[in-house]
Amino acid sequence: MDPLSQIALTFTSGLGNSSIRRLVDLYPDEDIFSLPKSELKAAFGSHRDIADNILNKSGFARAEEELCFCEKNHIRPLFFTSPDYPTRLNRPETDDCPALLYLLGSTDLNPERSIAVVGTRRATSYGRDNTDRLVRELNPYHTPIVSGLAYGIDTAAHTAALNHNLPTVAVLGHGLDQIYPAQNRPLAKRILETGGALVTEYPSGTAINPRYFPARNRIIAALADATVVVEASEKGGALITAAIAASYQREVFAVPGRLTDTYSRGTNNLIATNRALLVRHADDIAFQLGWPLMGQQTEMAEMKDMPKLTADEQKIVNALKTSDHFTLDEIASATSFSLPKAASLLFNLEMNKVIRTLPGHLYQIINN
């Protein structure tokens, strides 16, 4: 299909992302708008009105306007059948992702590696500093940084990528005829000028609507091999992105913070409930994703032969990573395990040379 027909499908009443994908899969080499009425009605069963909408070409007038807007502003519509469409979005576990994307910029959306960095809009200096440090440490891995151009950690992530010579992709919850928040227009311009990209599933003229931003988060999660949550309160978009990433079978990492910090409650809870791996530096990410280690921190390389841990053992290890050492009581309290269960798990970990016992009945991770 030509670009006009592809865009017209997205403006056809009754067709959503999954139904467009299914329809194109059924008729990969045919002009869907020229299919026999009987075939279309059979394809949609009880929803036969959709077949009429296709045959009436009801979406073409709006599609022509959108294609004109794209051509005028150097925007590339990427249909899911295009070789330039992000392959990470076309995997089976991400079948809810857009049939069509609008891309402004020159960045390749199919890089070898990709990391999403998200967090609260009310970032603290701790969050901004850790975002900058992590992104700086990712420079040797040449990984693009994906985020959502929102206030706070998103802004810090894009800015850090620009400052440390990494491409960055901003996924928007609106059309490319505007930038929200308006204060980030200079940042968006800088992203484009340095070889990054702005990406959205929404056509021009789409009004700013809060409900579009959680939907936008699924694209952020799907474009990356892993999502890093730097700061998050107990609720919010960053936690939604983390949950989506996990549902897509992507790794989720979280930067720990002080227990008393409001915007570390979400990240600490992700770690405590084994929904995210604790991240201290970029090599933690590289080790878990199987990348060759290139950074300054090499202790993870020494742990390659560490035995596979059970979920409960991993919970113990995650707790121990937050301090130089813990007592049995402290570990039981941090993990919500009973004392006998915590003691048994610690014994297994010690036998497997993952942890060691220190004087005073303290426990510590080996090589930490």
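The structure displayed is predicted, hence computed values, not measured ones. (Residues numbered from 1 in each chain as written. Predicted model: local features only at pLDDT ≥ 70, side-chain atom pairs only at ≥ 80, totals over all residues. Heavy atoms only, no water.)

Peer 1: For this particular structure, what's the right way to read the pattern of salt bridges?
Peer 2: Between side chains of opposite charge, pairing is possible as soon as their charged atoms come close. According to the stated counting rule, one finds 15 salt bridges in the structure shown. The residue arginine 62 makes a salt bridge to glutamate 66 at a minimum N-O spacing of 3.1 Å. Of the two residues, arginine 62 and glutamate 66 are both situated in helix 5 (residues 60-72); the distance of 4 residues between them amounts to about one turn of the helix. Using a relative accessible area of 1% as the deciding quantity, one classes glutamate 66 as buried. Two residues, aspartate 312 and lysine 341, come together in a salt bridge whose shortest N-O distance is 3.0 Å. Pair noted here: aspartate 312 is in helix 13 (residues 311-320) and lysine 341 is in helix 15 (residues 339-351), with a separation of 29 residues, a long-range link. Residues joined by salt bridges that share partners form a network here, namely Lys37, Lys41 and Asp52. (Salt bridge = Lys/Arg side-chain N within 4 Å of Asp/Glu carboxyl O. Helix = DSSP H or I, 4+ residues; strand = E, 2+ residues; numbered from the N terminus. Buried < 20%, exposed > 50% of the residue type's maximum accessible area, 1.4 Å probe, protein only.)

Peer 1: Help me understand the sheet that holds strand 10 (residues 326-327) in this model?
Peer 2: The strands making up a sheet associate through hydrogen bonds between their backbones, and the pairing can be parallel or antiparallel. With respect to topology, 3 strands assemble into an open sheet ordered 10-12-11, the strand pairing being antiparallel. Two strands bound the open sheet, and with one partner strand each, they are strand 10 and strand 11 (355-358). Inspection of the sheet shows strand 11 paired to strand 12 (residues 362-365) by 4 bridges, in the antiparallel sense. Bridge pairing in strand 12 links isoleucine 355 to isoleucine 365. Those strands touched by helix 13 are strand 10, strand 11 and strand 12, and its axis lies near 95° from that of strand 12. (Pairing = 2+ DSSP bridges. Contact = heavy atoms within 4.5 Å. Axes fitted to C-alpha atoms, helices over the stretch in contact; angles between N-to-C directions.)

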